[in-house]
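Chain by chain, the residues:
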Amino acid sequence: SSLKMYNTHSCNSSVSQTSPPVMLVGDSGVGKTCLLVRFKDGAFLAGSFISTVGIDFRNKVMSIDAVKIWDTAGQERFRSVTHAYYRDAHALLLLYDVTNKASFDNIRAWLTEIHEYAQQDVVVMLLGNKADSTHDRVVKREEGEKLAKEFGVPFMETSAKSGLNVELAFTAVAKELKHRTMKEPDEPKFQLQEYVNKEVRTAGCCRS
Ligand SMILES: Nc1nc2c(ncn2[C@@H]2O[C@H](COP(=O)(O)OP(=O)(O)OP(=O)(O)O)[C@@H](O)[C@H]2O)c(=O)[nH]1
Ligand SMILES: [Mg+2]
């Protein structure tokens, strides 16, 4: 089946069939592929923009856990392909671009789609990407915070260019997913929102 595809990219056996899939979603051009490349390889893809076709499968072994990362195409014409993967995703990183108001306005539609196609207990995190673009910014951090609060999802701003909060976004969801699988009855529940609040950095204030 096509679902087997994700293992063909893996040369590390610790990313197995049971590693939880984390899916990157959001409009075309918001920086999903760049965020993944920054996280995986520590590099930034500057210059010409190569839009993702369909879905791309990557693996990463983190100190917390190994995760499979599915980078999806934001373009409308690939929507039916990405829909097919929603139900298998354990976590969704939903991105908008702080320099693109339409990508922010579309977040509500994305969340509706997530409710429709994803598992009910899927971990969702809202990311306002391109936080490095001070001059082109049109969406304030507070607006992102407000929207996230309305939908009860954790939020942070990120930058694939500077690296701001990139590691944190993936680490936070991996910690949450790891905690869910451990099922230790006496263990206190992992507080994703609190963890994010404690670790998050703000664009322009600190080095990333
Ligand atoms: N300044 C800045 N530019 C970024 C950042 N992330 C991505 N970009 C730029 O935005 C453009 C689109 O990035 P991609 O990662 O390819 O976008 P995508 O969301 O994967 O788009 P699709 O694959 O079409 O869904 C590229 O030209 C990147 O260089 C960022 O954090 N800061
Ligand atoms: Mg892409």
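For the structure given in this document, a descriptive report is provided here. (Residues numbered from 1 in each chain as written. Chains lettered and ligands numbered in written order. Predicted model: local features only at pLDDT ≥ 70, side-chain atom pairs only at ≥ 80, totals over all residues.)

What follows deals with the nonpolar core. Counting residues in hydrophobic clusters, the biggest one holds 48 residues, and the most contacted among them are Leu24, Leu92, Leu93, Leu94, Met125 and Val173. No other element matches helix 6 (residues 166-182), which puts seven residues into this core. Excluding residues that lie within four positions of it along the chain, methionine 125 makes contacts with Leu93, Leu94, Val153, Pro154, Ala169, Ala172 and Val173. (Core = buried A, V, L, I, M, F, W, Y, C linked by C-beta atoms within 7 Å. Buried ≥ 20, exposed ≤ 12 C-beta atoms within 10 Å, placed from the backbone. Helix = DSSP H or I, 4+ residues; strand = E, 2+ residues; numbered from the N terminus. Contact = placed C-beta atoms within 7 Å.)

Okay, the sheet that holds strand 5 (residues 123-129) next. An order of 2-3-1-4-5-6 is seen for the six strands of this open sheet, with the pairing classed as mixed. A single partner strand is all that each edge strand has here, and the edge strands are strand 2 (55-61) and strand 6 (155-157). Each strand axis lies, on average, 25 degrees off the axis of its neighbour in the sheet, ignoring direction. For strand 4 (residues 91-97) and strand 5, the ladder comprises seven bridges, and the chain directions are parallel. Following the sheet pairing, alanine 91 is matched in strand 5 by valine 123. (Pairing = 2+ DSSP bridges. Axes fitted to C-alpha atoms, helices over the stretch in contact; angles between N-to-C directions.)

In this section: the site of ligand 1. Neighbouring residues of ligand 1: 22 residues in total, closest Ser28, Gly31, Ser51, Thr52 and Gly74. Looking at the shell around ligand 1 element by element, the count peaks at three residues for helix 1 (residues 32-41). Split into classes, the residues belonging to the shell around ligand 1 amount to seven nonpolar, 11 polar and four charged. (Near = placed C-beta within 6 Å. Nonpolar A, V, L, I, M, F, W, Y, C, P; charged D, E, K, R; others polar.)

Judged by how many residues are buried, strand 3 (residues 66-72) sits mostly within the fold: six of seven residues are covered. Hairpin connection, strand 2 to strand 3: the antiparallel pair is bridged by four residues.

Glancing now at the packing of helix 6 against helix 7 (residues 192-199). Between helix 6 and helix 7, the least distance of the axes is 10 Å, while the angle of their chain directions is 155 degrees. Classified by the interaxial angle, the pair formed by helix 6 and helix 7 is roughly antiparallel. When you trace helix 6 past helix 7, the crossing you get is right-handed. Within the contact between the two elements, helix 6 uses Leu168, Ala172, Lys175 and Glu176 and helix 7 uses Leu192, Tyr195, Val196 and Glu199. (Parallel < 35°, antiparallel > 145°, perpendicular 65-115°, else oblique. Left-handed = near helix turned anticlockwise from the far one by under 90°.)

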